[in-house]
Amino acid sequence: MFGLPLGIFVEGAVAVLLALTIGYCTVLNQRLKRLHADKDVMRQMVADLVSATNLANQAIKELKQTAVEADLSLNSRLEEAERFGIELANHVTAGTALMERIAKITSAARQSQAVEPVEQPNKVQSALEQLSARVRNRGVAA
């Protein structure tokens, strides 16, 4: 008798363990189903990420190209501005030299006027003198 209840007890324990194993397997099966469903979502996310990365790489290439073009344009404008600056400086220097020459000329002219005041002849008086000179010349010639 002692052998029979022990056998039933062992078989009962095996049955319980088997039931637990079956329950654990169903839980694992549900988890695997969710994992497979998440796997499809993950694939879509990876595909979206690759697409976004490709777009970002293309945008970076375009930005680099735009930066190079802007750099070339800016360099040409800077060179042109530098040339204009040099030309303007040359004009300013020439203008300064011209102003100095004019200042010297006017200074010399003012000094000569101060030393030798020249009277402006009166137009009426010079006309009368010319008239009287003609009258004299006619009288001498006649």
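All values derive from a computational prediction rather than experimental measurement.

## Side note on the overall build of the protein chain
Across its full length, the protein chain holds 2 helices and 0 strands. Counting only carbon and sulfur atoms, one obtains 65% of the accessible surface of the protein chain, whose full area is about 13,400 Å².

## Comments concerning the UniProt feature "transmembrane region" (unreviewed entry) in the protein chain
Taken from the UniProt record, the annotation "transmembrane region" (unreviewed entry) applies to residues 6–27. From the first C-alpha to the last, residues 6–27 spans 31 Å; its make-up is 100% helix and 0% strand.

## Things to note about the pattern of salt bridges
With the rule as written, the count across this model stands at 1 salt bridge. Its salt-bridge partner being R43, residue D40 comes within 3.9 Å of it at the nearest N-O pair. With D40 and R43 both in helix α1 (residues 3–115) and 3 residues apart, the pair spans about one turn of that helix. Overall, the relative accessible area of 52% leaves R43 in the exposed class.

## Topic: a nonpolar patch on the surface
Nonpolar side chains collect at one region of the surface, where V41, M42, M45, V46 and V50 lie side by side and expose about 450 Å² of accessible area between them. Note on placement: V50 falls in helix α1.

Definitions and cut-offs
Residues numbered from 1 in each chain as written. Predicted model: local features only at pLDDT ≥ 70, side-chain atom pairs only at ≥ 80, totals over all residues. Heavy atoms only, no water. Helix = DSSP H or I, 4+ residues; strand = E, 2+ residues; numbered from the N terminus. Areas by Shrake-Rupley, 256 points an atom, 1.4 Å probe, with all protein chains shown as cover. UniProt positions renumbered as here; feature names shortened; annotations may be inferred. Salt bridge = Lys/Arg side-chain N within 4 Å of Asp/Glu carboxyl O. Buried < 20%, exposed > 50% of the residue type's maximum accessible area, 1.4 Å probe, protein only. Patch = residues over 30% accessible without salt bridge, like charges linked within 9 Å, V, L, I, M, F, W, Y side chains within 5 Å.

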